[in-house]
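Residues per chain, in single letters:
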Amino acid sequence: MVFRKTEKALIPRRLSTCLAVALALASSGRLAHAQAVELPKPLLDAAQTYASTLTGGQKIGGKVSILGVNGGRELEMLKAAWAPFQAATGIVVDYTGTTDFAAVLQTRVQAGDPPDLAGSTNINNLVRYAKRGALKDVGAMIGDASMQGKFDPGLLNAASVNGKIYGVWTELNNFMVWYNAHTYDGPKDNPTWEQFDTWAVRRAAAGKTPWCYTDERGASSGAIAGNWIQAYILKNSGPKTLQGLADGSISWTAPEVKAAFEAFGKIALDPKMVPGGPVAAMSTPAVKIGTGLFYEPPQCSVLLWGTYAYGVTSIIYPKIKPIEDLDFMPVPGKPENANYETFGGTLYLAFRETPQVKAFLSYLVSDQAQKLVASAGNWTVASQAVQPSDYSNPVLKRARETLLKPGVTLVAQPTQVVDPPVIQAFWKGIVQYVLDPNSLDEVLQSIDAAK
């Protein structure tokens, strides 16, 4: 596999394990000795056998160029999952990672030099380029039947424009409340937010800071809180509010949005609720959000973060055990919203249709390839054909059971759908609110004005 870097340092936009690995290994002087990714041989063999069928048993050669956001350990995991495809088909997967994904992709499309595929973590890119006629109909290219029934209808709908499927889902995640199983003694069985908050207030009053929260990411500072606020809205105001923010039919100044900011502010603005208070939270790297859980003594007990939280935290604390030490539950809220979950993930968009692109996309959606990605132990994957029993990591097994179980409806976060200026205004507004609580009305108006 060919891997090229852009001029900027290769760190994904999303909070991902690769950044945590780099930080953890660099701080311990072991960066040069990072272990290679090894996936189960039976799965590798099965994937290679399947990949061979995609080109009629022939090594057709050629290349698939991909622009994406991955780097470090995370990219190594994907490379390992793609290796059987390359071995079977002779097709080189040429991956370029960048922190400025949206800008680089736009520049290349406008210059008439798009990549074959783009690994987008934002649905908005799919919608934007599909409406411009720049994307290929991947449903027609590889066959809708290869995805229907295998992927949640909510995922297929999110990847579609005017009835045509323009994206292939691979990695998937959602957001939940993670907790130190030894220090968290609050409600766990689908509590309401009020019940959960009562525990936090009581713990703070006893002098034990309940919440972990850090959110410094340069231009993306505020993104963790953004996920927090969107998850709160879904669970407490329902999917129509979240969908309305995504399609523009509901204003960011709406009472439901303000209530979510204020619920977040009750935590982030109070030094008794967050270690060090708001200034410390906004000046500490976001990737360190989980470190306080297992300090000696622990600095905090709960945090709201993505599916990848265990992977990041276990790199810093390699002795912690999933479930036994670090566990999670769905974001608390109203009972009627219990079966709705926010989601994020990676969509592969096709700008060119070639035999190599068709074969690679067919490989990505296959059971064999998705099981390989799941076996890396870093993500849940989008295919429902990958069962909980296929995950060796118990945290991901439970996350799969939570996210893709029957009866759950997936709802895309507005930040997956809206235009980049709105996302930037949202994140920037959160930072402003945390540092200046009296600016909330101004913040909400600025987000709405960015639409």
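Report follows, based on the coordinates.

Cut-offs applied
Residues numbered from 1 in each chain as written. Predicted model: local features only at pLDDT ≥ 70, side-chain atom pairs only at ≥ 80, totals over all residues. Heavy atoms only, no water. Core = buried A, V, L, I, M, F, W, Y, C linked by side-chain atoms within 4.5 Å. Buried < 20%, exposed > 50% of the residue type's maximum accessible area, 1.4 Å probe, protein only. Helix = DSSP H or I, 4+ residues; strand = E, 2+ residues; numbered from the N terminus. Contact = heavy atoms within 4.5 Å. Salt bridge = Lys/Arg side-chain N within 4 Å of Asp/Glu carboxyl O. Disulfide = S-S within 2.5 Å. Pairing = 2+ DSSP bridges. Axes fitted to C-alpha atoms, helices over the stretch in contact; angles between N-to-C directions. Phe/Tyr/Trp six-rings, centres within 6.5 Å; stacked < 30°, edge-to-face > 60°. Lys NZ or Arg CZ within 6 Å of the ring centre and 35° of its normal. Parallel < 35°, antiparallel > 145°, perpendicular 65-115°, else oblique. Left-handed = near helix turned anticlockwise from the far one by under 90°. Nonpolar A, V, L, I, M, F, W, Y, C, P; charged D, E, K, R; others polar.

What to know about the nonpolar core
Next up, step 1: Within the largest apolar cluster, 74 residues are counted, with the highest numbers of intra-cluster contacts made by Trp178, Trp211, Tyr213, Trp228, Phe261 and Phe264.
Next up, step 2: If one sorts the elements of this core by residue count, helix α9 (residues 223-237) sits on top with nine residues.
Next up, step 3: The residues touching Trp211, leaving out its near neighbours within four places in the chain, are Trp193, Phe196, Ala200, Trp228, Ile267, Met273, Val274, Pro275, Cys300, Val302, Leu303 and Leu304.
Next up, step 4: If you look at the next biggest cluster of nonpolar residues, it comprises 73 residues, including Val37, Ala88, Leu126 and Leu396.

Let's talk about helix α10 (residues 239-247)
Next up, step 1: When we look at burial in α10, the residues that qualify are Pro239, Thr241, Leu242, Gly244, Leu245 and Ala246.
Next up, step 2: The inward-facing, buried residues of α10 abut α9, α11 (255-268), β11 (340-350), β13 (409-412) and α17 (414-417).
Next up, step 3: Looking one or two residues beyond α10, the residue adopting positive phi is Gly248, at roughly 90°.

What about the pattern of salt bridges?
Next up, step 1: Counted according to the given criterion, the structure contains 11 salt bridges.
Next up, step 2: Notably, a salt bridge pairs Glu341 with Lys235, separated by 3.0 Å at the nearest N-O pair. Taken together, the residues Glu341 in strand β11 and Lys235 in helix α9 connect sequence positions 106 residues apart.
Next up, step 3: Its relative accessible area of 3% is what places Glu341 among the buried residues.

Quick notes on the state of the cysteines
Next up, step 1: Under the counting rule described, the total for this entry stands at one disulfide.
Next up, step 2: Residue pairing for Cys212: its cysteine sulfur links by disulfide to Cys300, the two sulfurs lying 2.0 Å apart. What sets the handedness of the Cys212 and Cys300 disulfide is the S-S torsion sign, and at about 100° it is right-handed. Of this pair, Cys212 sits in the loop between α8 (193-205) and α9 while Cys300 sits in the loop between α12 (277-283) and β9 (302-306), placing them 88 residues apart in sequence.
Next up, step 3: Here Cys212 falls in the buried class, since its relative accessible area comes to 3%.
Next up, step 4: Overall, the relative accessible area of 3% leaves Cys300 in the buried class.

Focus on the sheet that holds β9
Next up, step 1: The three strands are arranged β9-β8-β10 in an open sheet whose pairing can be described as antiparallel. Where the open sheet ends on each side, the last strands, each with one partner, are β9 and β10 (326-329). The mean inter-strand angle of the sheet, taken between neighbouring strand axes irrespective of direction, is 40°.
Next up, step 2: In this sheet, β10 lies alongside strand β8 (residues 175-180) in antiparallel orientation, the contact comprising four bridges. Looking across to β10, one finds that Val177 is bridged to Met329.

As for the packing of aromatic side chains
Next up, step 1: Under the defined criterion, the tally for this structure stands at 26 aromatic pairs.
Next up, step 2: Joined through ring pairs, the aromatic side chains of Tyr179, Tyr184, Trp193, Phe196, Trp199, Trp211, Tyr213, Trp228, Tyr232 and Phe264 make up one cluster.
Next up, step 3: The lysine or arginine in question, Arg398, covers the ring of Phe328, its NZ or CZ lying 4.5 Å from the ring centre.

Side note on the packing of helix α2 (residues 41-54) against helix α3 (residues 72-89)
Next up, step 1: Relative to each other, α2 and α3 sit at 40°, their axes nearing to 8 Å. Between α2 and α3, the interaxial angle falls into the category oblique. Between α2 and α3 lies a crossing of right-handed hand. Contacts between α2 and α3 involve Leu44, Ala47, Gln48, Ala51 and Ser52 from the former and Ala80, Pro84, Phe85, Ala87, Ala88 and Thr89 from the latter.
Next up, step 2: Class assignment for the residues of the contact of α2 with α3 results in eight nonpolar, three polar and no charged.

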